[in-house]
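Spelled out, the chains give:
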Amino acid sequence: MTKYVLVTILLCGLVTWLSRVVPFAVIKNLTVPKWLINFLSFVPVAIMTAIFVESLLTYHAGQWPGFNLENITASIPAILAGVLTKSLLAVVITGVIAMALLRLVGWG
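Named according to an unreviewed UniProt entry, the chain is AzlD domain-containing protein originating from Lactiplantibacillus nangangensis.

Take a look at the structure:
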């Protein structure tokens, strides 16, 4: 590994760490209004929805998005696990196992 690559990796790590730490350090000394806290409470749901829907679609330039049937099929048991258990760990494990089984039997 060259010195250039090592410095690049270290600087990228520093930028990533600072982007996660600095907002907490700044907001620690501020009083955040109640309406802003209520508004920000919806951000994780919106982000997770965007990530989930994006993974179910395939994009082709100049065409309508298609459906990724492998991901849709694997998401069904994961959604059921989430509804039944309300546990993120159960959803992740179920989704990973479902995708592994789909690929094992050749449907993916």
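**Student:** Talk me through the overall build of the chain; I want residue IDs and the actual numbers.
**Tutor:** A count of helical and extended segments in the chain gives five helices and two strands. For the chain, the N- to C-terminal ordering of α and β elements is α-α-α-β-β-α-α. Seen along its three principal axes, the alpha-carbon backbone of the chain occupies a region of about 50 × 50 × 35 Å. Taken over 108 residues, the chain has a buried fraction of 13%. Carbon and sulfur atoms make up 77% of the accessible area of the chain, which totals about 9100 Å².

**Student:** Give a description of unusual backbone geometry that names residues and reports values.
**Tutor:** Phi at Lys86 takes a positive value of approximately 55°, unusual for a residue other than glycine. Its place among the elements puts Lys86 in the loop between α4 (69-85) and α5 (88-104). With relative accessibility at 68%, the residue Lys86 sits in the exposed group.

**Student:** Help me get a handle on the pattern of salt bridges, residues and values and all.
**Tutor:** Per the stated rule, a full pass over the model turns up one salt bridge. A salt bridge links Glu70 to Arg103, with the shortest nitrogen-to-oxygen separation between them at 2.9 Å. One end of the pair, Glu70, is in helix α4; the other, Arg103, is in helix α5, with 33 residues separating them in the sequence. A relative accessible area of 17% places Glu70 in the buried class. Assessed through its relative accessible area of 53%, Arg103 is described here as exposed.

Rules behind the numbers
Residue positions within a chain follow its written sequence, with the count starting from 1. Only residues with pLDDT of at least 70 get local features here, since the model is predicted, and only at 80 or more are side-chain atom pairs given and counted; chain-wide, interface and lining totals rely on the full set of residues. Remark: hydrogens and water are excluded; side-chain values derive from all non-hydrogen atoms of the structure. For helices the rule is a DSSP run of H or I covering at least 4 residues; for strands it is a run of E covering at least 2, with both sets numbered from the N terminus onward. The rule is simple: take the accessible area with a 1.4 Å probe, protein chains only, and divide by the maximum for that residue type; under 20% is buried, over 50% is exposed, in between is partly exposed. Computed with a 1.4 Å probe, the accessible areas rest on the Shrake-Rupley method; for each residue, only the protein chains presented here act as cover. Each reported salt bridge corresponds to a side-chain nitrogen of Lys or Arg within 4 Å of a carboxyl oxygen of Asp or Glu.

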